[in-house]
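# Results of the structural survey
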Amino acid sequence: MKLISSIVFVITFFCVQSYNLPDIRKMYVESSVSKTNAMKFYDFMNNYSKNEETLLAYKGASIALKAKHTTGIKQKKEEFIKGITILESVIKSNSNNIEARLIRLSIQENTPKILKYKENIETDKKQIIFLFNKQSVDLKEYIKDFVNQSKVFTEAEKQQLNK
């Protein structure tokens, strides 16, 4: 009986993925660096099946990032739309989810104009700035890191968040 209990514990411990935000944030940032990282991020998030909004936003982003590395225009478009649909549904259900807005902003800032997915940049910027002070310390740092490298935020906006 002890052996069976031990086996069940080991299987449960090693097979259940942990979805913690600091690690996922890091994976998201790293996913923009290489195809390998993007695919690892997608593989990790693809198994996520719960309804926590921020994690769903990252799942949508992982699908959209996978589309960048998919072959075939039709398949790229389908994957991108699938990912963005998840992300947009998170923002629609909670417009104050600043992290989902940050994810959308990062995607919109970096997608080619041909995709015509840039219409929320100004709205997301304003909402991020407006809600910034109400966020946890770790999320504020994550936002600052993004804002400081972003081309869509003005120097004044960057300074406002870096006070």
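Rules and cut-offs
- Residues numbered from 1 in each chain as written.
- Predicted model: local features only at pLDDT ≥ 70, side-chain atom pairs only at ≥ 80, totals over all residues.
- Heavy atoms only, no water.
- Helix = DSSP H or I, 4+ residues; strand = E, 2+ residues; numbered from the N terminus.
- Expected span 1.5 Å × (residues − 1).
- Buried < 20%, exposed > 50% of the residue type's maximum accessible area, 1.4 Å probe, protein only.
- Arc of directions from axis to C-beta.
- Contact = heavy atoms within 4.5 Å.
- Salt bridge = Lys/Arg side-chain N within 4 Å of Asp/Glu carboxyl O.

### Concerning helix α3 (residues 35-46)
In a regular helix each residue adds 1.5 Å, so twelve residues correspond to 16 Å; α3 covers 16 Å between its end C-alpha atoms and thus fits that length. Regarding α3, the residues found buried are A38, F41, Y42, F44 and M45. Seen along its axis, α3 keeps its buried residues to an arc of 165°; they face one direction. Residues of α3 that are buried sit in contact with α2 (21-31) and α4 (53-68).

### Re helix α8 (residues 137-149)
Taking 1.5 Å as the rise per residue, α8 with 13 residues should run 18 Å; its terminal C-alpha atoms sit 19 Å apart, in good agreement. Looking at α8, one finds that the buried residues are L139, Y142, I143, K144, F146 and V147.

### Observations regarding the pattern of salt bridges
Two side chains bearing opposite charge may form a pair once their charged atoms approach each other closely. A full pass over the atoms with the stated rule returns eleven salt bridges. For R25, the salt bridge goes to E99, with nearest N and O atoms at 2.7 Å. Taken together, the residues R25 in helix α2 and E99 in helix α6 (residues 98-110) connect sequence positions 74 residues apart. Neither R25 nor E99 differs from the other in exposure class; each is buried. A single network of salt bridges, built from pairs that share partners, joins E88, R101, R104 and D124.

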